[in-house]
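# Examination of the molecular architecture
What follows is the residue order along each chain.
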Amino acid sequence: MPSLKETLLVFTDLDGTLLDFHTLDWQPAASWLKRLQDEQVPVILCSSKTASEMRDIQQELGLGGLPYIAENGAVIQPDVRWENAARFISEKKHDDIRQFIARVRQEMHLKFTTFDDVDERVVAEWTGLSRPRAALARKHEASVTLIWRDSDEQMKRFAAELARQGLKIVPGARFWHILDTSCGKDVAVHWLVEQYRLHDGFDPTTLGLGDGPNDAPLLDSVAFAVVVKGFNREGVSLKNNDPTRVYRTQHTGPAGWREGLDYFLT
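Residues numbered from 1 in each chain as written. Predicted model: local features only at pLDDT ≥ 70, side-chain atom pairs only at ≥ 80, totals over all residues. Heavy atoms only, no water.

- For the protein, the name recorded in an unreviewed UniProt entry is Mannosyl-3-phosphoglycerate phosphatase-related protein, with Enterobacter hormaechei subsp. hoffmannii as its organism.

## A short note on the sheet that holds strand β8 (residues 167-171)
- The sheet built from 4 strands is open, its strands ordered β6-β7-β9-β8 with antiparallel pairing. The sheet terminates laterally at β6 (112-114) and β8, the two strands that pair on one side only. For this sheet, the mean angle separating the axes of adjacent strands, direction not counted, is 35°.
- Summarising the sheet, β8 and strand β9 (residues 176-180) pair through 5 bridges and their orientation is antiparallel. (Pairing = 2+ DSSP bridges. Helix = DSSP H or I, 4+ residues; strand = E, 2+ residues; numbered from the N terminus. Axes fitted to C-alpha atoms, helices over the stretch in contact; angles between N-to-C directions.)

## Looking at helix α4 (residues 120-127)
- Among the residues making up α4, those that are buried are Val122, Val123, Ala124 and Thr127.
- Tucked into the core, α4 has its buried residues touching α5 (131-137).
- Here α4 starts with a cap whose side-chain oxygen sits 3.2 Å from the backbone nitrogen of Arg121, and that cap is Asp119. (Buried < 20%, exposed > 50% of the residue type's maximum accessible area, 1.4 Å probe, protein only. Contact = heavy atoms within 4.5 Å. Polar contact = N/O pair within 3.5 Å; in protein donor to acceptor, adjacent residues only side chain to side chain.)

## As for the packing of aromatic side chains
- Applying the stated criterion to the full structure yields 13 aromatic pairs.
- Centre to centre, the rings of Phe88 and Trp191 are 6.3 Å apart; their planes meet at 45°, and the pair counts as tilted. Of this pair, Phe88 sits in strand β5 (residues 88-89) while Trp191 sits in helix α7 (residues 185-200), and the two are 103 residues apart along the sequence.
- With a relative accessible area of 28%, Phe88 lands in the partly exposed category.
- Taking relative accessible area as the criterion, Trp191 reaches 24% and is therefore assigned partly exposed.
- Ring geometry for Tyr247 and Tyr263: centres 4.1 Å apart, planes at 10°, overall stacked. Remark: Tyr263 occurs in helix α9 (residues 253-265) and Tyr247 occurs in strand β12 (residues 246-252); sequence separation between them is 16 residues.
- For Tyr263, a relative accessible area of 35% corresponds to the partly exposed category.
- In this structure an aromatic cluster arises from ring pairing among Phe224, Tyr247, Tyr263 and Phe264.
- Across the ring face of Phe21, the terminal group of Arg174 is positioned such that the distance to the ring centre comes to 4.4 Å. (Phe/Tyr/Trp six-rings, centres within 6.5 Å; stacked < 30°, edge-to-face > 60°. Lys NZ or Arg CZ within 6 Å of the ring centre and 35° of its normal.)

## With respect to the nonpolar core
- Formed by 38 residues in total, the largest nonpolar core has its most connected members in Leu36, Leu45, Leu207, Trp257 and Leu265.
- Leaving out residues up to four positions away in the same chain, Leu207 has contacts with Leu8, Leu9, Val10, Phe11, Val222, Phe224, Ala225, Val226, Leu261, Phe264 and Leu265.
- Formed by 21 residues, the second largest nonpolar core is a distinct cluster that contains Ile69, Trp82, Tyr196 and Ala225. (Core = buried A, V, L, I, M, F, W, Y, C linked by side-chain atoms within 4.5 Å.)

## Here we look at the layout of surface pockets
- Of the pockets and cavities examined, the largest pocket occupies roughly 490 Å³.
- Forming the walls of the largest pocket are 29 residues, and the residues nearest its centre are Asp15, Gly172, Ala173, Arg174 and Phe175.
- The space that makes up the second largest pocket amounts to roughly 250 Å³.
- At the level of secondary structure, the elements contributing two or more residues to the lining of the second largest pocket comprise α1 (30-38) and α7.
- Of the residues forming the lining of the second largest pocket, the biggest block, 3 residues, is contributed by α1.
- The residue makeup of the lining of the second largest pocket, split by class, is 9 nonpolar, 4 polar and 3 charged. (1 Å grid on protein atoms, 1.4 Å probe; cavity = no way out; pocket = protein on both sides within 12 Å on 5 of 7 lines; lining within 4 Å. Points joined across faces, edges and corners; volume = space filled by probe spheres on them. Nonpolar A, V, L, I, M, F, W, Y, C, P; charged D, E, K, R; others polar.)

Shown next as structure tokens:
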């Protein structure tokens with residue numbers, strides 16, 4: 001079992017995990033966030049959200065300066081303490097992906113709407129975010145977020161066309177996300193763990209928390225995993241379901257987040 005007395009890293013998804021799926025509230029997790037901060041345990045946010053959103057949320061949660069993983073791993077911010085540690089961003093940039101899928105949408109007669117097709121008012125309606133936070137949600141650097149409005153068969157054709165260009169489409173809690181096939185939450189976790197080895201000189205124990213199918217790569221990449229009860233009908237399928245490393249919560253959102261840490265760390 002992991003311990004606060006050892007070198008621990010906590011990787012966590014946001015929507016539906018640390019943040020309530022409907023209200024975005026995180027207060028049920030506040031006591032654990034403070035305790036981890038007091039114990040100097042890094043809490044690393046890992047989400048499909050943009051870097052601009054992540055920085056804003058970090059400040060709200062008192063996690064400023066820590067690493068974070070944005071856009072499903074297409075953007076990674078190192079710890080501010082690390083000298084000469086460059087920020088990672090995918091070679092496939094947002095504008096290139098946006099232009100490509102716009103052409104494919106027209107050629108294949110696909111029905112979807114991206115965040116680039118609308119303004120922050122519409123994104124705020126879709127997400128429940130404030131207008132300023134919705135504006136941050138549109139600042140993609142290496143991915144595209146969209147609402148799919150077409151059939152499963154068309155999705156298969158679209159995914160195949162994306163794959164031919166080295167891109168993949170990943171389902172999230174509310175939206176779909178297109179990014180470089182070489183990127184992912186799992187790749188980002190391994191990259192950051194290696195950075196901790198290089199810069200801080202220790203081999204960390206890792207604990208991850210997530211609630212959706214797109215969190216499976218993250219949860220399969222850590223030593224201990226908390227599957228927070230979610231609303232997705234598919235659930236979370238892991239490669240390694242060993243009960244000594246995986247705990248599935250009874251509560252949803254930040255209450256489930258707290259439950260998972262209670263299980264592993266108390």
